[in-house]
Amino acid sequence: MSDDINEQRRKVLKVTGAISAAAMITSPFHVFATEPNRRIPSQGYAAFDESGILKPWTFERRPVGDHDILIETKFASICHSDIHQEKGHWGKQQYPQVPGHEIVGMVAAVGKNVTKFKVGDRAGVGCMCGNHYHKHDTYEEQYSPDTLFTYGYPDTRSPSGITQGGYSNNIVVEENFAVHIPENVSFQEAVPLLCAGITTYSPLMRADIKKGMKVGVAGIGGLGHLAVKIAVSKGCDVYAFTTSPSKVKDIESFGATAVVVNDLSKLQEYSGQMDYVISTIPYDFNVAAYAATVKPYGTFTQVGMPIRSEVTMNALYLAFSRVNFNASLIGGMKETQEVVNYCADNKVLPQIEMIQADQINQAWENVVDKKARYRYVIDASTF
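Structural notes, computed from the coordinates. The structure presented is a predicted model; accordingly, all values stated were derived computationally and were not measured. (Residues numbered from 1 in each chain as written. Predicted model: local features only at pLDDT ≥ 70, side-chain atom pairs only at ≥ 80, totals over all residues. Heavy atoms only, no water.)

With that settled, consider the overall build of the protein chain. Scanning the protein chain from terminus to terminus reveals 13 helices and 17 strands. In the protein chain, the proportion of contacts linking residues at least 24 apart, taken out of those at least 6 apart, comes to 67%. Accessible area for the protein chain stands at about 16100 Å²; split by element, carbon and sulfur atoms hold 50% of it. (Helix = DSSP H or I, 4+ residues; strand = E, 2+ residues; numbered from the N terminus. Contact = heavy atoms within 4.5 Å. Areas by Shrake-Rupley, 256 points an atom, 1.4 Å probe, with all protein chains shown as cover.)

And the structure:
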């Protein structure tokens, strides 16, 4: 073996510990593990203004830090939240901004203090990518003021000043904010679980749903169709509320007991019957009309985030329903690993459509027009 190769091996082992140099050099990003202070070149699709039109963008990510892993992205999927944020529906944004918080790929490099991952591991990233102080002392990291969200969040370590998301060929995250993707699920089917899966799984589990319970799911898109599948897998009788007649047969195939194509009169037929309802509707809507389908003292959970994050609530109607209303934000890292493992083991998997990077803008239009069936997954090799 030549002196040059021996020197490369020594550098690899110094940064990554006892891992195989052969495994490292299979990745095009292996050089960045051997030079810890070197920024990571990246290419992806970014929004440049509130038009919501995404274009190719070449940029840099922060170096791989002591607590970080570099993931070579294989697939990323599209969440309606991406559209809301990049169009400024939730407030002014800094551009250029790469969206995407459902990401899977292979670990290409690890920092010297990393213990949970090694090069070559299958890894996933959801809505969170780190913590200002590398802390991991809670199971609900999403509520910590020190947590960094995956895109558009102020980050002094980032060359662009904000975190940049998963519509790209790589991403750098802290190891505590990545999950292992088990071998018994494909990358393509695992990726929507990193947001859509955890966002519905967490409140469903906290509601302690059980076999025989009547569970309502309002809004059957990327999140809602997974909520139906998860609740069905737990033995619940699932009632799906949708505004799209074209989705009825699909929803029935997911195992729903009944599919209700919404209008107020149809909702009234189910007044006071549900043990629990989860709403994934990402637009302003009449909350009280849906909440009235829940039994008195039952719970209605809102997880969809509309424009301006506002929903209409008629206090009088809510009072008559005597329903407990709450909202939920994704889930912690422990729960995220849990939902990935659960869905993989029980084959509770999303229905996906594969696209290339140059189809993203059309896919966004389809999501807004309710044409997605039901999660678009982007092949990262096309960035």
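So, about helix α6 (residues 196-206). With 9 of 11 residues buried, α6 is to be regarded as a mostly interior element. Residues of α6 that are buried: Ala196, Gly197, Ile198, Thr199, Thr200, Tyr201, Ser202, Pro203 and Leu204. Against β10 (214-218), α7 (222-233), β13 (274-279), β14 (294-302), α12 (333-346) and β17 (375-379) lie the buried residues of α6. Looking one or two residues past α6, aspartate 208 carries a phi angle of roughly 55 degrees, positive in sign. (Buried < 20%, exposed > 50% of the residue type's maximum accessible area, 1.4 Å probe, protein only.)

Here arginine 62 is to be found in the loop between β2 (54-61) and β3 (68-77). Looking at arginine 62, the relative accessible area reads 7%, which means it is buried. Among the polar contacts made by the side chain of arginine 62, one reaches the side chain of aspartate 68 at a distance of 2.3 Å. Apart from the residues lying within four places of it in its own chain, the contact partners of arginine 62 are Ile40, Asp68, Asp155, Arg157, Ser158, Pro159, Val172, Val173 and Glu174. (Polar contact = N/O pair within 3.5 Å; in protein donor to acceptor, adjacent residues only side chain to side chain.)

Side chains of Leu316, Tyr317 and Phe320 sit close together on the surface and give an oily, nonpolar patch of about 400 Å² of accessible area. Within the secondary structure layout, tyrosine 317 lies in helix α11 (residues 315-321). We classify tyrosine 317 as partly exposed; its relative accessible area is 47%. (Patch = residues over 30% accessible without salt bridge, like charges linked within 9 Å, V, L, I, M, F, W, Y side chains within 5 Å. Salt bridge = Lys/Arg side-chain N within 4 Å of Asp/Glu carboxyl O.)

Turning next to the layout of surface pockets. The volume enclosed by the second largest pocket comes to roughly 220 Å³. Along the walls of the second largest pocket sit Leu264, Leu267, Gln268, Ser271, Asn286, Ala288, Ala289, Ala292, Thr293, Tyr317, Phe320 and Ser321, which together make up its complete lining. Considered class by class, the residues forming the lining of the second largest pocket number 7 nonpolar, 5 polar and no charged. (1 Å grid on protein atoms, 1.4 Å probe; cavity = no way out; pocket = protein on both sides within 12 Å on 5 of 7 lines; lining within 4 Å. Points joined across faces, edges and corners; volume = space filled by probe spheres on them. Nonpolar A, V, L, I, M, F, W, Y, C, P; charged D, E, K, R; others polar.)

None of this, on its own, says anything about what the molecule does.
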